[in-house]
Amino acid sequence: MQDTVFTVYKLIILYMLDRAEGEVTQGMLSTFLLEGGYANFVSLAESYDQLEKQGLVNIILRGNKKFLKLTEAGQQALGFFGMQLSPQIRRQADNWLIENGQKIREEREVTAIYERMTSGVYEVRMSVKEKDVTLLEVKLSVPDAASAEAIAARWEEKNAGIYQYLIENLF
């Protein structure tokens, strides 16, 4: 029974990654599965771990976000077993992806990563992409981790205004 439950969780995750046509944060997937009553936190964490170990997804860490990306093996597994998902679950997943599509794209296209450099300062690399085209990329050096973390966190909410400011003042 437990294996069947994990299989359903994993199929939902694979299905959503396939339908989203790209990377999706683990947080977004978890929101759907937890709020929809499909999974609990512990079983969901185990499902992500199993998917990665089985080579069905890649987990990519960017800043404080984990992105999941469907692998070719995951695509094949979904092709073999995807019809085991009920039409109702597929419909709910599709509707949720449509309703949250903009947020998913923003999380995928707006990134801020920081790391400590050999000199001891922290470098924050921030970017905004649209359909794999980089619209804006900025690097800032700051003296400490707290500053780097704060800048990375604010980039998500401030990037559009910064981009607009630069365009208006440079053209």
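Keep in mind it's a predicted model, so treat the numbers as computed, not measured. (Residues numbered from 1 in each chain as written. Predicted model: local features only at pLDDT ≥ 70, side-chain atom pairs only at ≥ 80, totals over all residues. Heavy atoms only, no water.)

What should I look at first to understand the pattern of salt bridges in this one?
Under the defined criterion, the tally for this structure stands at seven salt bridges. One network of salt bridges, in which partners are shared, links Glu115, Glu123 and Arg125. (Salt bridge = Lys/Arg side-chain N within 4 Å of Asp/Glu carboxyl O.)

Please explain the sheet that holds strand E3 (residues 65–70) as it appears in this structure.
Within a sheet, adjacent strands bond to each other through the backbone by hydrogen bonds, running parallel or antiparallel. One open sheet holds the three strands; their spatial order is E1-E3-E2, and the pairing between them is antiparallel. Each of the sheet's edge strands pairs with one partner strand only, and the pair in question is strand E1 (24–25) and strand E2 (57–62). Across six bridges, the pairing between E2 and E3 is antiparallel. Looking at E3, one finds that Ile59 is bridged to Leu68. (Pairing = 2+ DSSP bridges. Helix = DSSP H or I, 4+ residues; strand = E, 2+ residues; numbered from the N terminus.)

Before we go on, may I ask you to explain the nonpolar core in this structure?
Note that soluble globular proteins tend to have their nonpolar side chains buried in a common cluster. In this structure, Ile13 and Leu33 are the most contacted members of the largest nonpolar core, which totals 31 residues. Those elements that place two or more of their residues in this core are helix H1 (2–20), helix H2 (26–35), helix H3 (41–53), E3, helix H4 (72–81) and helix H5 (87–99). Broken down by element, the residue count for this core peaks at nine residues, all from H1. Ignoring any residue separated from it by four or fewer positions in sequence, one finds Ile13 in contact with Leu29, Leu33, Leu44, Ser47, Tyr48, Leu51 and Leu68. Listed in part, the eleven residues of the second largest apolar core include Val124, Met126, Val128 and Ala148. (Core = buried A, V, L, I, M, F, W, Y, C linked by side-chain atoms within 4.5 Å. Buried < 20%, exposed > 50% of the residue type's maximum accessible area, 1.4 Å probe, protein only. Contact = heavy atoms within 4.5 Å.)

Just checking my understanding: could you explain unusual backbone geometry for this structure?
Glycine aside, the phi torsion of most residues is negative, and most peptide linkages are trans. Unlike most non-glycine residues, Glu21 shows phi in positive territory, near 55°. Tracing the sequence through the fold places Glu21 in the loop between H1 and E1.

How should I be thinking about the sheet that holds strand E5 (residues 122–130) in this particular structure?
Strand order in the open sheet formed by three strands is E4-E5-E6, and the pairing between neighbours is antiparallel. Looking at which strands have only one partner, the edges of the open sheet turn out to be strand E4 (110–116) and strand E6 (133–142). Mean inter-strand twist for the sheet, computed between neighbouring axes without regard to direction, equals 15°. The sheet contact formed by E5 and E6 spans nine bridges and is antiparallel. Residue pairing for E6: Glu130 is matched across the bridge by Val133. Of the strands in this sheet, E4 and E5 are in contact with helix H6 (residues 101–109), which crosses E4 at around 30°. (Axes fitted to C-alpha atoms, helices over the stretch in contact; angles between N-to-C directions.)

In this structure, what is going on with the packing of aromatic side chains? I would like to understand it.
Geometry of an aromatic ring pair is reported as the spacing of the ring centres plus the angle between the planes. Counting across every chain of the model gives three aromatic pairs. Between Phe80 and Phe81, the aromatic rings sit 6.3 Å apart at their centres with planes inclined by 70°, giving edge-to-face as the arrangement. The class of Phe81 is partly exposed, set by a relative accessible area of 42%. Ring-pair connections join several aromatic residues into one group, and the members of that group are Phe32, Tyr38 and Trp96. (Phe/Tyr/Trp six-rings, centres within 6.5 Å; stacked < 30°, edge-to-face > 60°.)

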